[in-house]
Amino acid sequence: MAMGNRFDFLFAGAGILGSSAACALSMELERRGEKASIGVLDLDLEGEHSSTLKNAGGVRATWRNRANIELCKYSIDFYETISEIIQFRELGYYWMHGSASWKEINENHPLYVEYGLPVELHAPGDVQRIIPLVSNTEDIDGLSISRKAGLIDHYSLREYYRGSAKARGVKFIGGCFVNGVDARDGKARAVTAYDFGGLGKGPGGFSDAAKEILTKGAPDGDLPMIEFECGTFINTAGAWAPAVAKLYGFQDDEIKPRRRQMVVMDAPDADLSAYGMVIDTSDVYFHQEGTGILAGYSNMDEPVGYNFDFSFGGMSEESQFVKYIWEPLYRRMNGFEKVRLVRGWAGIYAETPDRSGYLGKVPGYDNIYECAAHTGRGLMISYGAGVALADIILDGKPRSELKHAADLSRERKAGALYEGLHL
Ligand SMILES: Cc1cc2nc3c(=O)[nH]c(=O)nc-3n(C[C@H](O)[C@H](O)[C@H](O)COP(=O)(O)OP(=O)(O)OC[C@H]3O[C@@H](n4cnc5c(N)ncnc54)[C@H](O)[C@@H]3O)c2cc1C
């Protein structure tokens, strides 16, 4: 086994949350005039199969719980300052609600007012005036428009965090699949990882190899290993966080990986460029993406597992694309008569029982922290989550603007943080 480096802070997982937290930690240490080494390990730094590169780019703060609202609002305030770099199109969230989600957003609305979030609630009779493409308002109980919301480019945001972290000396190390954590007496001391330095030279390249490992949880056969000593260990392995947790002896029965699928289609007669994200009562969410429309639908009966297979293909009547995406859009709006499925993909979504993520210190350990499984909001929450985690690591608690982020601790002192407006 090769003896590697020592890092004061070592992250497992360089997706949007690992990249953001490493960036925030390095900035906060710099601000305090403190020097520390920070490393971020990932199997695949490009992250082709990470949830970060599979998502819909949606950003909003309309949640039920203060923790999620504060983290998203703090993040959006920041995204507004770098909007050109991350292609933040603050064009709003237009949500056509059925009865349950209309009730939910009305109940949450006083909290949005308290936080200064501009969220408008409109009667069904206003829908066609606001979105003239809507041809049918059947089963719409109301329309909410969240103005402090819209779309960002996940790749640019991740690269922004990484660039800023690297400028402060953070090392991002690819080809490392963490497979052991030496944690005795509640303290992580060292981490071992398979070293995939040589991968990527085969016919399928790195992409296929990484997908296989992320599906099966381990490589086939023996590989060289590398060791890293660490002062503090941080689990930011996304939907793979439970497997990393197991390495330090923490049994995580809460985070479940589930497949989510998205498509890009040509719909030449539908121009949605004036809106950010649009959501139908059927829960199909969609937005303009260049000259096409990007759309997703979350099959709630999808079995748990690391499944990257795309099954929404085809234009036949039986196809899932037609059933779950095209038909609901065709019924709701003009402009979806002529449609061509261009491409699609499946990504892994990290679900939790209350649909809120975990952020904070791992119970039972002195120096192990986590930020993972923020379900459908890992991207939108990422700046605030990184800052809150850095505060918790350095000070034991988040700054006052993010004080409810402490509720996302694994122990959930505030009780379950169930989110109803979830896709
Ligand atoms: C279809 C879809 C649509 C979505 N839409 C939105 C949206 O509109 N808005 C939004 O905010 N969120 C959305 N999400 C959720 C969002 O994408 C995730 O919450 C977010 O990307 C999670 O980031 P992460 O850094 O925790 O995980 P990831 O991006 O998955 O990163 C985890 C990293 O850990 C690495 N890793 C895993 N195991 C190991 C190991 N043992 N050793 C080393 N590295 C390891 C992986 O290679 C990966 O790069 C969507 C998700 C999906 C699937």
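To keep things clear, this report deals only with the structure shown in the data block. For clarity, every value in this text was computed on a predicted model and none was experimentally measured. Residue indices follow the written sequence of each chain, beginning from 1 at its first position. Only residues with pLDDT of at least 70 are given local features in this predicted model, and only at 80 or more are side-chain atom pairs given and counted; all residues enter the totals for whole chains, interfaces and linings. Excluded from the side-chain calculation are hydrogens and water; included are all heavy atoms of the structure.

Numbering goes from the N terminus for both helices and strands, where a helix is a DSSP run of H or I of at least four residues and a strand is a run of E of at least two. Scanning the protein from N- to C-terminus turns up nine helices and 18 strands. Between the two quantities, the radius of gyration covers C-alpha atoms and the globule rule is 2.2 Å times the number of residues to the power 0.38. Here the C-alpha atoms of the protein give a radius of gyration of 21 Å, agreeing with the 22 Å that 2.2 N^0.38 yields for 423 residues. Counting only C-alpha atoms, the protein reaches 65 × 50 × 40 Å along its principal axes. Put simply, the protein has 423 residues, and 59% of those count as buried. Think of it in three bands: residues with accessible area under 20% of the maximum for their type are buried, residues over 50% are exposed, and the middle band is partly exposed, with areas taken using a 1.4 Å probe on protein chains only.

Turning our attention to the pairing of strand 14 (residues 285-289). The buried count for strand 14 comes to four of five residues, which makes it a mostly enclosed element. When DSSP finds at least two bridges between two strands, those strands are taken to pair. Direction of pairing for strand 13 (residues 277-279) relative to strand 14: antiparallel, over a ladder of two bridges. The residue bridging Val278 from the neighbouring strand is Phe286, located in strand 14. Where strand 13 hands over to strand 14, the hairpin turn is made up of five residues, of which Asp283 adopts a positive phi near 75°.

Within the element layout of this structure, Ser75 appears in helix 2 (residues 66-81). With relative accessibility at 0%, the residue Ser75 sits in the buried group. One polar contact links the side chain of Ser75 to the main-chain amide nitrogen of Gly384, over a distance of 2.8 Å. Whether two residues are in contact is decided by their heavy atoms, any of which lying within 4.5 Å being enough. Among all residues touching Ser75, those that are not within four sequence positions of it are Met380, Ile381, Ser382, Tyr383 and Gly384. Polar contact is the term for a pair of N or O atoms within 3.5 Å; when the atoms are in protein, one must be able to donate a hydrogen and the other to accept it, and sequence-neighboring residues count only if both atoms are side-chain atoms.

Any residue with a non-hydrogen atom lying within 4 Å of a molecule or strand is treated as near it. Taken together, 34 residues surround the ligand, and among them Asp42, Ser51, Thr52, Val178 and Met380 come closest. Gly378 places a polar main-chain atom, nitrogen or oxygen, 3.1 Å from an oxygen atom of the ligand. In the environment of the ligand, an oxygen atom lies 2.8 Å from a nitrogen or oxygen atom belonging to the backbone of Met380. What sets the accessible areas is the Shrake-Rupley method with a 1.4 Å probe; for residues, cover comes only from the shown protein chains. In isolation the ligand exposes 1000 Å². Once the protein is present, 96% of that is buried.

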